[in-house]
Number of protein chains: 2
Amino acid sequence: MTKVTIRHVAEAAGVAVKTVSRVMNGEPNVTRDLQDRVMKAVDQLGYVPSMAARRMGGRRSYLLVALNDRQNTINNWRSGRGNDWIDQMLHGAMLTCEAHGYRMLFELVQAGSEDLDRKVVAILSALQPDGIILTPPHSQNLALVEMLTRRNVPVVRMGVPGKGVGFGVFMDDRAAAAEATRHLIDLGHQRIGFIAGSPRFEASRQRLDGYADALHQADIGMDEALIAPGDFTFESGVTAAEALLSRSDRPTAILASNDEMALATLHVASRLGIRVPDLSVISFDDTPGVRLSVPGLTSVRQPISEMAAKAAELLIGVSRTGETAPSDHLLPFGLEVRGSTTRVT
Amino acid sequence: MTKVTIRHVAEAAGVAVKTVSRVMNGEPNVTRDLQDRVMKAVDQLGYVPSMAARRMGGRRSYLLVALNDRQNTINNWRSGRGNDWIDQMLHGAMLTCEAHGYRMLFELVQAGSEDLDRKVVAILSALQPDGIILTPPHSQNLALVEMLTRRNVPVVRMGVPGKGVGFGVFMDDRAAAAEATRHLIDLGHQRIGFIAGSPRFEASRQRLDGYADALHQADIGMDEALIAPGDFTFESGVTAAEALLSRSDRPTAILASNDEMALATLHVASRLGIRVPDLSVISFDDTPGVRLSVPGLTSVRQPISEMAAKAAELLIGVSRTGETAPSDHLLPFGLEVRGSTTRVT
């Protein structure tokens, strides 16, 4: 039996080969009538246009790969903490890819591991993606960005400015922490506790700096005793909140560097008989848990889904136009005010 | 320049072609030493073994595709409710795939849509997966399972018994709801409210049946007024909880068919000045929000990650052995008892 090719389909449908290709690749702006004619011919002839065939034939793979932190992702999965970050990333990037006939896979690679480069090269080899989205902390890894760039793989760095080495798609963590802190200062708080994030992530330092900025601007002296270390886990939030709330001169408000540690603060406060918002609490992630908790937590909203959508758009653009001049894209954060923050009593 | 092939790599590394292939496909049980020799040769020669090449050459694509409900997934993303189900599915299936040199993609297709079959055929054509994982409600769609089976695509149906048409990987929703209800009965509750799930999902009816079973076994009359409709959204949970809790003979406990509706019940109770666990509440999903809420919610744990891992295993097995005789796999649920349920006062 002769193998059915795209030419047979085009002939049977009475359309150009290019049209068949556009229908099969799910590209937009193909009329319903053309889609129907092509799909009818495909069904009748039993044509199977594989992605493999598309890829062997052309320059593009129609595939983007996001590299995510292995340790963090698996820990979150195992502990049942959820992975809102991945969820939001998929939301933005998958739907954008879908709209352009692309697909996105994500891969878990271990930041800081010896064989990181090797693993990434194996991924490039196996999947030949049209572009790579690096998420934190990989996006901070300049050597990795440069390795990919040397291999002519377009790269978007999520969460940090690209500064000319890859595209950058990010928000201003420092400004966001300053705004959250100012919100507390405006409510009359002077003793504001801060629970820091994991030092593995650049954003953790930015958030601490923003907290310091806001105190400084309001002429409130920085009290080191009000800064507790954390590593983004619930457990570290419990330890930090206990340290802050067991002080005789305890803070009247706490800014936690993520949702887990903010929810841990609610638990510790409840156990110590401290009512929230008698203690005001702000979270740095607007994840489902903090919205649905009682009370709902005031929180900084990171534009994760929007950043991922932008990242996918940039890479699809490069693959279509070949234009690779890197650019930086700052996306706005939000401060969602809910019942967990109130005027100091 | 001659194209570098797998033979060149094998020669340079002094190993069999098959060994190179195993290293490149990330298959397990390859010694570190062999991995190093092969990767060194790969690096020196600049060999690029594409997935496309693997696929053009062989029967297998090393790719599994999960089909998820489009409407539900996108609604959850948009509303910021989170998608713990997808998260857990990725956890189980991605890590299983990874361990066997496979990859998993998930695709969003609209259950009940006219062009469902066409969309699925387009996905098969583009990706040529070695198997398909159907999640609810797609897994209930017998016509879809049969269409895939006719095309010789191995199928796992998640959440429902396969009953000989595809593999089935599921838990016993009815028994789980009965156990949750019995937990409340054992605590002395007699007036137990039930918030039902969306009728689009088979599991919703199973859960209602299990609730009825437990009441029946305990000789407690079923009061239709204590059964409130819901559709798995927070909003529907608010409406249902308001209806149940505003009655003069209100229930002393509520079993909600998912996490959102259980958290909505907490909010309504808080607003009405009813303390939980003075009202006992059980959730049917053990998602991060219900564990971290104050109080943590007693909940039924669905083995989603385990089901997804089993699904991936079954499909990889088929693709390796060609053995496709369908089988059914019942996985155990759990009941996590937390602070939201207590003895009736």
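Look up: the structure comes first, before these words.
Residues numbered from 1 in each chain as written. Chains lettered and ligands numbered in written order. Predicted model: local features only at pLDDT ≥ 70, side-chain atom pairs only at ≥ 80, totals over all residues. Heavy atoms only, no water.

**Q** Whenever I open this one, the sheet that holds strand 9 (residues 280–283) of chain B confuses me. Can you help?
**A** Note on sheets: strands pair through backbone hydrogen bonds, and any given pair is parallel or antiparallel. Residue and element names in this part refer to chain B. Read from one edge to the other, the open sheet built from six strands follows the order 7-6-8-9-10-12, with strand pairing classed as mixed. Looking along the sheet, the strands with just one partner apiece sit at the ends: strand 7 (227–228) and strand 12 (334–336). Looking at chain direction, strand 6 (residues 192–195) and strand 8 (residues 253–256) are connected through four bridges and run parallel. Paired with Ile195 across the bridge in strand 8 is Ala256. Packed on one face of the sheet, helix 12 (residues 259–271) meets strand 6, strand 8 and strand 9 and runs near 160° to strand 9. (Pairing = 2+ DSSP bridges. Helix = DSSP H or I, 4+ residues; strand = E, 2+ residues; numbered from the N terminus. Contact = heavy atoms within 4.5 Å. Axes fitted to C-alpha atoms, helices over the stretch in contact; angles between N-to-C directions.)

**Q** Whenever I open this one, the pattern of salt bridges confuses me. Can you help?
**A** Between side chains of opposite charge, pairing is possible as soon as their charged atoms come close. Throughout the structure, instances matching the rule amount to 40 salt bridges over all chains. Between Asp36(A) and Arg118(B) there is a salt bridge, with its nearest N and O atoms 2.8 Å apart. Within this pair, whereas Asp36(A) is found in helix 3 (residues 32–45), its partner Arg118(B) is found in helix 7 (residues 116–127), the two belonging to separate chains. When its relative accessible area of 29% is taken as the criterion, Asp36(A) is described as partly exposed. The partly exposed category is assigned to Arg118(B), whose relative accessible area is 32%. (Salt bridge = Lys/Arg side-chain N within 4 Å of Asp/Glu carboxyl O. Buried < 20%, exposed > 50% of the residue type's maximum accessible area, 1.4 Å probe, protein only.)

**Q** What is the right way to look at helix 5 (residues 70–79) of chain A in this model?
**A** In an α-helix, one turn spans 3.6 residues; hence positions three or four apart end up facing the same way. Here helix 5 of chain A has its buried residues at Thr73(A), Ile74(A), Asn76(A) and Trp77(A). One face of helix 5 of chain A carries all of its buried residues, which in axial projection span an arc of 160°. In this structure, the buried side of helix 5 of chain A is in contact with strand 1 (63–69), helix 6 (84–99) and strand 2 (103–109) of chain A together with helix 6 (84–99) of chain B. Backbone geometry just after helix 5 of chain A places Gly80(A) at a positive phi near 70°. (Arc of directions from axis to C-beta.)

**Q** What am I meant to see in the environment of Gly82(B) here?
**A** Relative to the helices and strands, Gly82(B) resides in the loop between helix 5 (70–79) and helix 6. The class for Gly82(B) is buried, based on a relative accessible area of 14%. Residues within four places of Gly82(B) in sequence aside, it is in contact with Asp87(A), Pro288(A) and Asn76(B).

**Q** What is the right way to read unusual backbone geometry from this model?
**A** Working note: non-glycine residues mostly have negative phi, and peptide bonds are mostly trans. Residue and element names in this part refer to chain A. Here the amide bond leading from Val276 into Pro277 is cis, since omega sits at 20°, within 30 degrees of zero. Relative to the helices and strands, Pro277 resides in the loop between helix 12 (259–271) and strand 9 (280–283). Despite not being glycine, Asn152 shows a phi value in the positive range, around 60°. Looking at the secondary structure, you find Asn152 in the loop between helix 8 (142–150) and strand 4 (155–158). The exposed category is assigned to Asn152, whose relative accessible area is 70%.

**Q** Got a minute to help me understand the packing of helix 6 of chain A against helix 5 of chain B in this structure?
**A** Helices that pack against each other are described as a pair by the angle of their axes relative to one another and the distance between those axes. Two elements in contact, helix 6 of chain A and helix 5 of chain B, have axes whose closest approach is 10 Å; the angle formed by their N-to-C orientations is 125°. For the element pair helix 6 of chain A / helix 5 of chain B, the angle class is oblique. Considering only the axes of helix 6 of chain A and helix 5 of chain B, their crossing is left-handed. Together, Asp87(A), Gln88(A), Leu90(A), His91(A), Met94(A), Leu95(A) and Glu98(A) of helix 6 of chain A and Arg70(B), Ile74(B), Trp77(B) and Arg78(B) of helix 5 of chain B make up the contact between the two elements. (Parallel < 35°, antiparallel > 145°, perpendicular 65-115°, else oblique. Left-handed = near helix turned anticlockwise from the far one by under 90°.)

**Q** How should helix 7 of chain B be read in this particular structure?
**A** Residue and element names in this part refer to chain B. Helix length check: helix 7 (12 residues) gives 16 Å between terminal C-alpha atoms against 16 Å at 1.5 Å per residue, within 8%. Residues Leu116, Val120, Val121, Ile123, Leu124, Ser125, Ala126 and Leu127 constitute the buried set of helix 7. Positive backbone phi, at 45°, marks Gln128, one or two positions downstream of helix 7. (Expected span 1.5 Å × (residues − 1).)

**Q** Is there a simple way to explain the interface of chain B and chain A in this structure?
**A** Think of interface size as the accessible area that goes away when the parts come together; that is how it is often given. Every contact between the two is made by 54 residues of chain B and, on the other side, 54 residues of chain A. For the pair chain B and chain A, the summed buried surface comes to about 5000 Å²; carbon and sulfur atoms form 60% of the total. Of all residues in chain B, Trp77(B), Arg103(B) and Leu292(B) give up the largest surface area on contact with chain A, accounting jointly for 14% of the area buried on that side. At the boundary of chain B with chain A, the tally comes to 14 residue pairs in polar contact (both at pLDDT 80 or more). For the side of chain B that touches chain A, the secondary-structure elements that each account for two or more residues are helix 3 (32–45), helix 4 (51–57), helix 5, helix 6, strand 2 (103–109), helix 7, helix 12 and helix 13 (288–292) of chain B. Element by element, the count of residues in the side of chain B that touches chain A is highest for helix 6 of chain B, at seven residues. Here the side of chain B that touches chain A is composed, by residue class, of 26 nonpolar, 13 polar and 15 charged. (Buried area = accessible area lost by both parts, 1.4 Å probe. Polar contact = N/O pair within 3.5 Å; in protein donor to acceptor, adjacent residues only side chain to side chain. Nonpolar A, V, L, I, M, F, W, Y, C, P; charged D, E, K, R; others polar.)

**Q** Before we go on, may I ask you to explain the relation of the copies chain B and chain A in this structure?
**A** Each of the two chain copies can be brought onto the other by rotation about an axis and movement along it. Each copy of the sequence occupies a distinct position, and chain B is placed on chain A by a rotation of 180° and an axial shift of 0.1 Å, giving an RMSD of 0.1 Å. In the structure described here, the two chain copies are related by an operation that fits a two-fold rotation axis. Interface residue correspondence from chain B to chain A reaches 98%, placing this contact among same-surface, isologous pairings. (Least-squares fit on C-alpha atoms with pLDDT ≥ 70 in both.)

**Q** Sorry if this is basic, but what is going on with the sheet that holds strand 1 of chain A here?
**A** Residue and element names in this part refer to chain A. Across the sheet, six strands lie side by side as 2-1-3-4-5-11; this open sheet has parallel pairing. Of all the strands in the sheet, the pair left with one neighbour each is strand 2 and strand 11 (328–330). The mean inter-strand angle of the sheet, taken between neighbouring strand axes irrespective of direction, is 20°.

These figures come from the coordinates and say nothing about function on their own.
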